[in-house]
Amino acid sequence: RISRTLNEQGRSVKGARLLLLGQAYKKNSGDARESPAVRVAELLAGLGADLRIVDPLVDARWITVGTPACLTPNEVQSADLVVVLTDHDEIDWELVLSHARQIFDTRNRLKGDHVQRL
């Protein structure tokens, strides 16, 4: 679905800048062991995506794929696609909604014209 969403924008996964929100196994946890979000990051990296990872609860040293990032308006605006993988309450969702060009939400956290939900 991420690939299809990018294709609709005329982009491929290869070379696309993706901002992944959340790497933890579950909401409001800092545990990324066996997290499906980590596997998604690995698959996207394998397809050549430029990954930025934001997870305020997972220690950056455990993020082994992509580049750890802070959630800033510039970081969100720079992404070809923002992908919600873990919906921590600590993430500034209003910032994401107001600055993202396109959002793919796997947790059904966000609503809007520029949000696609899983």
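Structural data are supplied above this passage.
Residues numbered from 1 in each chain as written. Predicted model: local features only at pLDDT ≥ 70, side-chain atom pairs only at ≥ 80, totals over all residues. Heavy atoms only, no water.

Draft legend 1. Molecular detail of helix H2 (residues 36-46). Among the residues of H2, those classed as buried are Ala 37, Val 38, Ala 41 and Leu 44. Considered in projection along H2, the buried side chains sweep an arc of 125° and stay on one side of the axis. Across from the buried face of H2, at angles greater than 90 degrees, the exposed residues are Pro 36 and Gly 46. For H2, the elements touching its buried residues are helix H1 (2-8), strand E1 (17-21) and strand E2 (50-54). (Buried < 20%, exposed > 50% of the residue type's maximum accessible area, 1.4 Å probe, protein only. Helix = DSSP H or I, 4+ residues; strand = E, 2+ residues; numbered from the N terminus. Arc of directions from axis to C-beta. Contact = heavy atoms within 4.5 Å.)

Draft legend 2. Inspection of the pattern of salt bridges at higher detail. Under the definition given, this model contains 10 salt bridges. Here Asp 31 and Arg 33 are joined by a salt bridge, their closest N and O atoms 2.7 Å apart. For Arg 33, a relative accessible area of 64% puts it in the exposed group. For Asp 50, the salt bridge is made with Arg 52, and the minimal N-O distance between the two is 3.8 Å. Among the ionic contacts, a cluster of salt bridges with common partners joins Arg 17, Asp 50, Arg 52 and Glu 75. (Salt bridge = Lys/Arg side-chain N within 4 Å of Asp/Glu carboxyl O.)

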